[in-house]
Amino acid sequence: MILAGNVVAANERLKFIGNGNVPESMLDFLLGASYRFAPKWSAGVEARFHNDYSELNLRNQVQRATFVGPNMHYAEKNWWVTGAWRYQLKGGNCMGGGEAECSNARVWDSHSVNEFIVKVGFPLS
């Protein structure tokens, strides 16, 4: 059994025609658990707790959403590949200026109900 977690924070300036550079930031908490069920093969579950802010440095939160789903991983000595599907659970919400991007208890700003992820990796050494 492997347990993993990650925290991702970002400050951005989005460029819009007519609006100039619009600041925003985000904070994600990612958690996962997987189990090796055969040589080179693992499967598990992962979750993403996503938070958007309308200002830099995580100020003025405007959205929050949770995604959960399964993953499958295959690894060789010199490369690996992981596929995952994350489903946006109901219960996400918007506040302040982000309210227009929420409906049906989900967040739609750059998000959908389903996230599909494929990652390929190889060692650089």
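These numbers come from a predicted model, not from an experiment.

(A) Up close: the overall build of the chain. Scanning the chain from N- to C-terminus turns up 0 helices and 9 strands. Each helix (α) and strand (β) of the chain, taken in turn from the N terminus, gives the series β-β-β-β-β-β-β-β-β. Across its three principal axes, the chain shows a C-alpha extent of roughly 55 × 35 × 20 Å. Looking at the chain residue by residue over its 125 residues, the buried ones come to 27%. Long-range pairs, those at least 24 residues apart, make up 49% of the contacts in the chain between residues at least 6 apart in sequence.

(B) Quick look at unusual backbone geometry. Residue Leu-58 is not a glycine yet carries a positive backbone phi of 60 degrees. With respect to the secondary-structure elements, Leu-58 resides in the loop between β3 (41-55) and β4 (59-75). Leu-58 sits in the partly exposed class, given a relative accessible area of 34%. One non-glycine residue, Asn-60, lies in positive phi territory at about 65 degrees.

(C) Geometry of the layout of surface pockets. As a volume, the largest pocket reaches approximately 610 Å³. In terms of lining, the largest pocket is formed by 25 residues, of which the most central are Ala-4, Gly-32, Glu-46, Asn-71 and Lys-119. Among the elements that make up the lining of the largest pocket, the one with the highest residue count is strand β2 (residues 20-38) (6 residues). Its residues assigned to classes, the lining of the largest pocket shows 12 nonpolar, 9 polar and 4 charged. Lining the second largest pocket are 20 residues, with Leu-14, Glu-24, Asp-52, Tyr-53 and Asp-109 positioned closest to its centre.

(D) Region of the structure containing the packing of aromatic side chains. One pass over the full model with this rule turns up 3 aromatic pairs. Clustering of aromatic rings is evident, with ring pairs tying together Trp-41, Tyr-74 and Trp-79.

(E) Summary view of a nonpolar patch on the surface. Residues Met-1, Leu-3, Tyr-35, Phe-37, Trp-41 and Met-72 make up a contiguous nonpolar surface patch of about 720 Å² in total accessible area. On the secondary structure map, Trp-41 appears in strand β3.

(F) Region of the structure containing the pairing of β3. As paired strands, β2 and β3 are joined by 13 bridges and run antiparallel to one another. Each residue of the ladder has a partner; that of Asp-28, found in β3, is His-50. Direction of pairing for β3 relative to β4: antiparallel, over a ladder of 14 bridges. What sits directly across from Trp-41, in β4, is Tyr-74. A loop of 3 residues connects β3 with β4, the two strands running antiparallel in sequence, and Asn-57 in this loop sits at a positive phi of about 60 degrees.

(G) Expanded view of the confidence of the model for the chain. With 98% of its residues at a pLDDT of 70 or more, the chain shows a mean pLDDT of 91. The secondary-structure element of the chain with the lowest mean pLDDT is strand β7 (residues 102-103), recorded at 84, while strand β5 (residues 80-88) shows the highest, at 97.

(H) The arrangement of the environment of Glu-76 in detail. Of note, Glu-76 is situated in the loop between β4 and β5. For the pair Glu-76 and Trp-41, spaced 35 residues apart in sequence, the C-alpha separation works out to 9.5 Å.

Criteria and thresholds
- Residues numbered from 1 in each chain as written.
- Predicted model: local features only at pLDDT ≥ 70, side-chain atom pairs only at ≥ 80, totals over all residues.
- Heavy atoms only, no water.
- Helix = DSSP H or I, 4+ residues; strand = E, 2+ residues; numbered from the N terminus.
- Buried < 20%, exposed > 50% of the residue type's maximum accessible area, 1.4 Å probe, protein only.
- Contact = heavy atoms within 4.5 Å.
- 1 Å grid on protein atoms, 1.4 Å probe; cavity = no way out; pocket = protein on both sides within 12 Å on 5 of 7 lines; lining within 4 Å.
- Points joined across faces, edges and corners; volume = space filled by probe spheres on them.
- Nonpolar A, V, L, I, M, F, W, Y, C, P; charged D, E, K, R; others polar.
- Phe/Tyr/Trp six-rings, centres within 6.5 Å; stacked < 30°, edge-to-face > 60°.
- Patch = residues over 30% accessible without salt bridge, like charges linked within 9 Å, V, L, I, M, F, W, Y side chains within 5 Å.
- Areas by Shrake-Rupley, 256 points an atom, 1.4 Å probe, with all protein chains shown as cover.
- Salt bridge = Lys/Arg side-chain N within 4 Å of Asp/Glu carboxyl O.
- Pairing = 2+ DSSP bridges.
- pLDDT = per-residue confidence, 0-100.

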